[in-house]
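Chain and residue survey
Listed below are the residues making up each chain.
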Amino acid sequence: MQPKASSLCYSASIQTETDTYRQITIRNVKAMWCRAVAHYFEWVAGIPELRLMDMREKVTLVVRQLCKIASLMVSFWTYRQGHNGIVFGSGICYNPSEAQDNALKTYASSYASVIHNNIISVFRKVAMTREEYLLLKLISFFDPPHFYLRQPERTVVDRALKKYQTALVGHVKHSHPFLDHKAVTERISALLGIMPYLEVRSTSKLLTSVDMVITSGKLAIHVKTTIMLFI
């Protein structure tokens, strides 16, 4: 039986949309990023496959995919708002037509160019839905190509990736019954084609440090965020 998209989009809290934004500055960038990280960990907490993984491998996966998923979230929020800059959430944005903090200008303009040209343009072209975004988010999370995971965690990740890829295909077919096989394939290929551009650590040179402690047998992740901008 094909799983439904609605049953797979764990902890899919909706970002509050607003028409009032503050320009990103050195003074508010840390608070903005910490809120984005908190949003990420809230989402991660609802992913059932993580309960099947060893603590060390789980932490490796969660920390490694942080910037990647944060970039996808920001891209989707910007797409939904029809913004010509970047919607970072928490009422903070990058508006290229407003006065800008010189220390952030190069980073923000470069990052906006990457996500608009390679990610948001695809979202607009296919008119991506929220359900597709949530499934793409899970696929991106379980697609860590650049680091090694031990067994049996590697098998858990591989099975989860296949599960959510299958769910995306099924959802596209169900929600777009007028599309033939070729059109379905092209739509899915377009959505999956954005994934290389989610690696923001190489494109925006955004570095985060995360302190992790284990308390009462549970993983408590204290986020200590340091944003280093090499301009």
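Residues numbered from 1 in each chain as written. Predicted model: local features only at pLDDT ≥ 70, side-chain atom pairs only at ≥ 80, totals over all residues. Heavy atoms only, no water.

1. Thoughts on the nonpolar core
Where we set the bar: Put simply, a nonpolar core is a bunch of buried Ala, Val, Leu, Ile, Met, Phe, Trp, Tyr and Cys residues held in one set by side-chain atoms that sit within 4.5 Å of each other. We call a residue buried when its accessible area falls under 20% of the maximum for its residue type, exposed when it is over 50%, and partly exposed in between, using a 1.4 Å probe and counting protein chains only. Counting from the N terminus, the helices are the DSSP runs of H or I reaching at least four residues and the strands are the DSSP runs of E reaching at least two. The contact rule is simple, with two residues in contact once any of their heavy atoms fall within 4.5 Å.
In terms of nonpolar packing, the biggest core is built from 65 residues, with Tyr40, Phe88, Phe123, Met128, Phe141 and Phe142 touching the most fellow members. Here this core takes 11 residues from helix 4 (residues 102–126), the largest share from any one element. Excluding anything up to four places from it in sequence, methionine 128 contacts Phe76, Tyr79, Phe123, Tyr133, Leu136, Arg187 and Leu191.

2. A look at unusual backbone geometry
Residues glutamine 151 and proline 152 are joined by a peptide bond in cis, for which omega reads 5 degrees. For alanine 127, which is not glycine, the phi torsion reads 55 degrees and is therefore positive. When you line up the elements, alanine 127 lands in the loop between helix 4 and helix 5 (130–141). Classification of alanine 127 as partly exposed rests on a relative accessible area of 47%.

3. Considerations on the packing of aromatic side chains
What counts is decided by this rule: Aromatic pairing here means that ring centres of Phe, Tyr or Trp (its six-membered ring) are within 6.5 Å. Orientation follows from the plane angle: under 30 degrees is stacked, over 60 is edge-to-face, and everything else is tilted.
This model, assessed by the stated rule, comprises 9 aromatic pairs. Centroid distance phenylalanine 141 to phenylalanine 142: 5.0 Å. Interplanar angle 85 degrees. Geometry classified as edge-to-face. Phenylalanine 142 sits in the buried class, given a relative accessible area of 0%.

4. Let's talk about the confidence of the model for the protein
For clarity, the cut-off: Confidence scores here are pLDDT values: one per residue, from the predictor, ranging 0 to 100.
With 76% of its residues at a pLDDT of at least 70, the protein reaches an overall mean of 79. Looking over the protein, one finds the lowest element-wise mean pLDDT in strand 4 (residues 209–215), namely 33, and the highest in helix 5, namely 96.

5. As for the sheet that holds strand 2 (residues 86–89)
Applied cut-off: Only when DSSP finds a minimum of two bridges between them are two strands counted as paired. Interaxial angles span 0 to 180 degrees and are taken between N-to-C directions of axes, which are lines fitted to C-alpha atoms, for helices over the stretch in contact.
Spatial strand order, 1-3-2: 3 strands in an open sheet with mixed pairing. What marks the edges here is a single partner per strand, and that holds for strand 1 (22–23) and strand 2. As judged from the 3 bridges shared by strand 2 and strand 3 (residues 92–94), these two strands associate in the antiparallel manner. Note that in strand 3 the partner of glycine 89 across the bridge is isoleucine 92. Against the sheet, helix 4 engages strand 2 and strand 3, with an angle of about 105 degrees to strand 2.

6. Points about the environment of serine 113
Checked against the element boundaries, serine 113 lands in helix 4. For serine 113, a relative accessible area of 35% puts it in the partly exposed group. Residues serine 113 and isoleucine 86, 27 residues apart in the sequence, show an inter-C-alpha distance of 9.6 Å.

7. With respect to helix 3 (residues 66–81)
For the record, the criterion: By this rule, a helix spans an expected 1.5 Å times one less than how many residues it contains.
Relative to the 22 Å expected for 16 residues at 1.5 Å per residue, helix 3 spans 23 Å between its end C-alpha atoms, a close match to the ideal helical length. Counting buried positions along helix 3 gives 14 out of 16 residues, so the element sits mostly inside the fold. Two residues or fewer past helix 3, glycine 82 is found with a positive phi of approximately 65 degrees.

8. Some thoughts on helix 4
This is how the line gets drawn: Values of bend correspond, residue by residue, to the angle between axes fitted over the seven residues ending at that residue and the seven starting there.
Here helix 4 is 25 residues long and its end C-alpha atoms lie 35 Å apart, about the 36 Å a rise of 1.5 Å per residue gives. The axis of helix 4 is deflected most strongly, by about 45 degrees, at histidine 116.

9. So, the pattern of salt bridges
Put simply, the rule reads: The salt bridge criterion pairs a side-chain nitrogen of Lys or Arg with a carboxyl oxygen of Asp or Glu, the two atoms within 4 Å.
Within this structure, the stated rule accounts for 5 salt bridges. The closest approach of N and O atoms between arginine 150 and aspartate 54, which form a salt bridge, is 3.7 Å. Of this pair, arginine 150 sits in the loop between helix 5 and helix 6 (153–175) while aspartate 54 sits in the loop between helix 1 (26–44) and helix 2 (55–64), and the two are 96 residues apart along the sequence. Taking relative accessible area as the criterion, arginine 150 reaches 39% and is therefore assigned partly exposed. With a relative accessible area of 34%, aspartate 54 lands in the partly exposed category. Glutamate 57 is paired through a salt bridge with arginine 150; the nearest N and O atoms lie 3.2 Å apart. Highlighted residues: glutamate 57 in helix 2 and arginine 150 in the loop between helix 5 and helix 6, separated in sequence by 93 residues.

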